[in-house]
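Spelled out from the first residue to the last, the chains are:
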Amino acid sequence: MPQLNANLYAHFQEQFKRFPDKIALETPDGLKWSYDHLDREAARIANFLSGKGIKVGDRVSVQVAKSPEALTLYLACVRAGFVYRPLNPGYKESE
């Protein structure tokens, strides 16, 4: 029996391939992101982080509000095998 790739990004990547021009994300202010755009942005960010020395299994901690850019950072981490570790943007310095 063939073994399926259970990596979450493999699931996303299948959707990127099947629906490249379909709108994957639309913001309240009307900004539209296609599956292809999400895929290309995730690849760009993954390559950037790899170039900075981040390796498979390394944690990427970010304190960022929910946004299309945060989603692409998450996808980049999953794509490259990094551990995405979001921190609540409401945290204060003392926390």
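Residues numbered from 1 in each chain as written. Predicted model: local features only at pLDDT ≥ 70, side-chain atom pairs only at ≥ 80, totals over all residues. Heavy atoms only, no water.

Caption draft 1: Region of interest: the pattern of salt bridges. Inspection of every chain in the model, using the stated rule, returns three salt bridges. The salt bridge partner of aspartate 36 is arginine 40, with a shortest N-O separation of 2.8 Å. One end of the pair, aspartate 36, and the other, arginine 40, are both in helix α2 (residues 35-51), four residues apart, so they sit about a helical turn from each other. Residue aspartate 36 is classed as partly exposed on the basis of its relative accessible area of 28%. For arginine 40, a relative accessible area of 48% puts it in the partly exposed group. When the shortest N-O distance is used, the salt bridge between arginine 44 and glutamate 41 registers 2.8 Å. Within this pair, arginine 44 and its partner glutamate 41 are both found in helix α2, separated by three residues, close to a single helical turn. (Salt bridge = Lys/Arg side-chain N within 4 Å of Asp/Glu carboxyl O. Helix = DSSP H or I, 4+ residues; strand = E, 2+ residues; numbered from the N terminus. Buried < 20%, exposed > 50% of the residue type's maximum accessible area, 1.4 Å probe, protein only.)

Caption draft 2: How the structure looks around helix α1 (residues 8-18). Among the residues of α1, those classed as buried are Tyr9, Gln15 and Phe16. In an axial view of α1, the angular spread of the buried residues amounts to 120°, which keeps them on one side of the axis. Away from its buried face by more than 90 degrees, α1 exposes Lys17 and Arg18. Next to the buried residues of α1 lie α2 and α3 (68-80). (Arc of directions from axis to C-beta. Contact = heavy atoms within 4.5 Å.)

Caption draft 3: Inspection of α2 at higher detail. For α2, which comprises 17 residues, the first-to-last C-alpha distance of 24 Å matches the rise-based estimate of 24 Å (1.5 Å per residue) to within 8%. Leu38, Asp39, Glu41, Ala42, Ala43, Ile45, Ala46 and Leu49 are the residues of α2 that are buried. Positive backbone phi, at 100°, marks glycine 53, one or two positions downstream of α2. (Expected span 1.5 Å × (residues − 1).)

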